[in-house]
Amino acid sequence: MSPTPDPQALFAPDSWLSDQGGPRYLQLKRRIEEAIETRRLAPGSPLPPERELARITGLSRVTVRNAVAPLVAAGLIEQRRGSGRIVAARPGRVSQSLSRLTSFSEDMSRRGAVPSSVWITRGVFLPSPDEIMALGLSPEQSVARLERLRLADGRPMAIERAALPTSILENPMDVEDSLYDLLARLGRRPVRAVQHIRAALLSRDDARMLGADAGDAALRITRISYLASGQIAECTRSVYRGDSYDFVAELTIPQSAPQTAPKNDPEGVPHPTPQG
Ligand code: 16G
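In this text, all values refer to a predicted model and were calculated from it rather than measured experimentally. (Residues numbered from 1 in each chain as written. Predicted model: local features only at pLDDT ≥ 70, side-chain atom pairs only at ≥ 80, totals over all residues. Heavy atoms only, no water.)

1. Some remarks on the pattern of salt bridges
Two side chains carrying opposite charge are able to pair once their charged atoms lie near each other. To be explicit about the condition: What makes a salt bridge here is a side-chain nitrogen of Lys or Arg within 4 Å of a carboxyl oxygen of Asp or Glu, nothing more. Numbering of helices and strands runs from the N terminus; a helix is a DSSP stretch of H or I covering at least four residues, while a strand is a stretch of E covering at least two.
Applying the stated rule across the entire model yields 12 salt bridges. D205 serves as the salt-bridge partner of R208, at 3.8 Å between the closest nitrogen and oxygen. Of this pair, R208 and D205 both sit in helix α8 (residues 204-210), separated by three residues, roughly a single helical turn. Salt bridges here are not isolated pairs; linked through shared partners, they connect E50, R61 and R65.

What follows is the structure, encoded as structure tokens:
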């Protein structure tokens, strides 16, 4: 079993629990998920018992229970007879939020994995008809193309094919480990993006690079990202191994919609409306 992390340091509520952060059981659930993602709670390490979590966080045991139950149901935490709850063996998949505009390097580092890339193509080219459309270029303008196999801890995760107007990225050879780091240094990091995700099957060539079999499940993602000025910064077409990612979207009820949780519920835990 992995060493027990210091639960006090991990769960002291000052840095993550707030009145504005929504239901408290969800805030705690997120805190535990984040600790698992960043490996502060490594696979095999014990989750502090309910009573201790309640003491450290100042939440009720019911709230703690409501936070932990969905993580057990999702397989992130295992209930072991006699030895309490432990973090499940690291799932092969990476959970990626659909609401945050982050880079591959940031996503992997946040999870304690080491990102790396193998370059497939890097240079300045005349744009293809698709790139002209996607980036709003004229046929005489040029594009910077970056094609990379992206790896986490040496394990192939995705193939990314990015095209950027040369007004955004003049010299693709300047990109070292992270494209978004370089764009940030140039003051041209995208602030908004639209992503399309669809299911696909791996082609023979992509499968070979990803260490999978032709015809295996994959996700195709197109991201068009924008600068604050509205200018298109990047069009990236990626192929992710179907078994490596879970894309997670957090859904909230619109402010104007009627609330179903009883007003007097201090924990904000939604209850089914009593029948009859
Ligand atoms: C992400 C983006 C990709 C971007 C890359 C930059 C998706 C689907 N794609 O993988 O558009 O170019 O990050 O990563 O999320 P980097 O800064 O590590 O090079």
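2. A word on the environment of G154
The condition is simple: Burial classes follow relative accessibility: with a 1.4 Å probe on protein chains only, a residue under 20% of its type's maximum area counts as buried, one over 50% as exposed, and anything between as partly exposed.
With respect to the helices, strands and loops of the structure, G154 is situated in the loop between β5 (143-152) and β6 (155-165). You can call G154 exposed: its relative accessible area is 52%. Separated by 39 residues in sequence, G154 and P115 have C-alpha atoms that sit 7.7 Å apart.

3. Some points on the sheet that holds strand β7 (residues 192-201)
Applied cut-off: The pairing criterion for strands is at least two bridges between them, as found by DSSP. Angles run from 0 to 180 degrees between N-to-C directions of axes, and those axes are lines fitted to C-alpha atoms, restricted for helices to the stretch in contact.
Read across the sheet, six strands follow the order β4-β5-β6-β9-β8-β7 without closing on themselves; strand pairing throughout is antiparallel. Either end of the sheet is taken by a strand with one partner, and the two such strands are β4 (115-125) and β7. On average, each strand axis in the sheet is inclined to that of its neighbour by 15°, with strand direction left out of account.

4. What to know about a negative patch on the surface
Inclusion rule: Surface patches are defined over residues having more than 30% relative accessible area and no salt bridge, joining like charges when they lie within 9 Å and nonpolar side chains (Val, Leu, Ile, Met, Phe, Trp, Tyr) when within 5 Å. Using the Shrake-Rupley algorithm and a 1.4 Å probe, accessible areas are obtained, with residue cover drawn only from the displayed protein chains. In this count, Lys and Arg are taken as positive residues and Asp and Glu as negative ones, while His and the chain termini are left out. For the purpose of locating charges, the reference atoms are NZ of Lys, CZ of Arg, CG of Asp and CD of Glu.
A surface patch of like charges, here negative, comprises E170, D174, E176, D177 and D181. For E170, a relative accessible area of 65% translates into the label exposed.

5. Some thoughts on the packing of aromatic side chains
Going by this rule: Any two of the Phe, Tyr and Trp rings considered here, Trp counted by its six-membered ring, make a pair once their centres fall within 6.5 Å; the pair's planes then place it as stacked at under 30 degrees, edge-to-face at over 60, or tilted in between. Only when the NZ of Lys or the CZ of Arg is both within 6 Å of the ring centre and within 35 degrees of the ring normal is a charge said to sit over the ring.
One pass over the structure, following the stated rule, counts zero aromatic pairs. Across the ring face of W119, the terminal group of R122 is positioned such that the distance to the ring centre comes to 3.9 Å.

6. Quick notes on empty space enclosed by the protein
We count it as follows: The way it works is a 1 Å grid over only the protein atoms, where trapped points that fit a 1.4 Å probe form a cavity and open points with protein on both sides within 12 Å along at least five of seven lines form a pocket, and then any residue with an atom within 4 Å of a point lines it. Grid points are joined across faces, edges and corners, and a volume is the space filled by probe spheres set on the points. Amino acids are sorted into nonpolar (Ala, Val, Leu, Ile, Met, Phe, Trp, Tyr, Cys and Pro), charged (Asp, Glu, Lys and Arg) and polar (every other residue, Gly among them).
Within this structure, the stated rule accounts for two cavities of 30 Å³ or more. Around the largest cavity, the lining is made up of 22 residues, and of these T102, F104, E160, R223 and Y240 lie nearest the centre. Counting residues per element, the ones that place at least two in the lining of the largest cavity are α5 (104-110), β5, β6, α7 (179-185), β8 (217-226) and β9 (232-241). With four residues, β9 is the single largest residue contributor to the lining of the largest cavity. When the residues that make up the lining of the largest cavity are grouped by side-chain class, the tally is seven nonpolar, eight polar and seven charged. Considered as a void within the structure, the second largest cavity measures approximately 30 Å³ in volume. Lining the second largest cavity are Q96, S97, R100, T102, D107, R110 and R111. At the level of elements, β3 (94-97) and α5 are the ones that each hand at least two residues to the lining of the second largest cavity. Considered class by class, the residues forming the lining of the second largest cavity number no nonpolar, three polar and four charged.

7. Observations concerning the site of the ligand
Rules: The rule for a residue being near a molecule or strand is that one of its heavy atoms must lie within 4 Å of it. We define a polar contact as two N or O atoms separated by no more than 3.5 Å, with the added condition that, inside protein, one atom must be a possible hydrogen donor and the other a possible acceptor, whereas residues neighbouring each other in sequence contribute only through side-chain atom pairs.
Taken together, 17 residues sit near the ligand, with S105, E160, S178, R223 and E234 positioned nearest. Within the contact set of the ligand, an oxygen atom lies 2.4 Å away from a side-chain nitrogen or oxygen of S105. Contact between the ligand and Y180: an oxygen atom at 2.9 Å from a main-chain N or O atom of the residue. Here the ligand, which alone exposes 460 Å², has 100% of that area covered by the protein.

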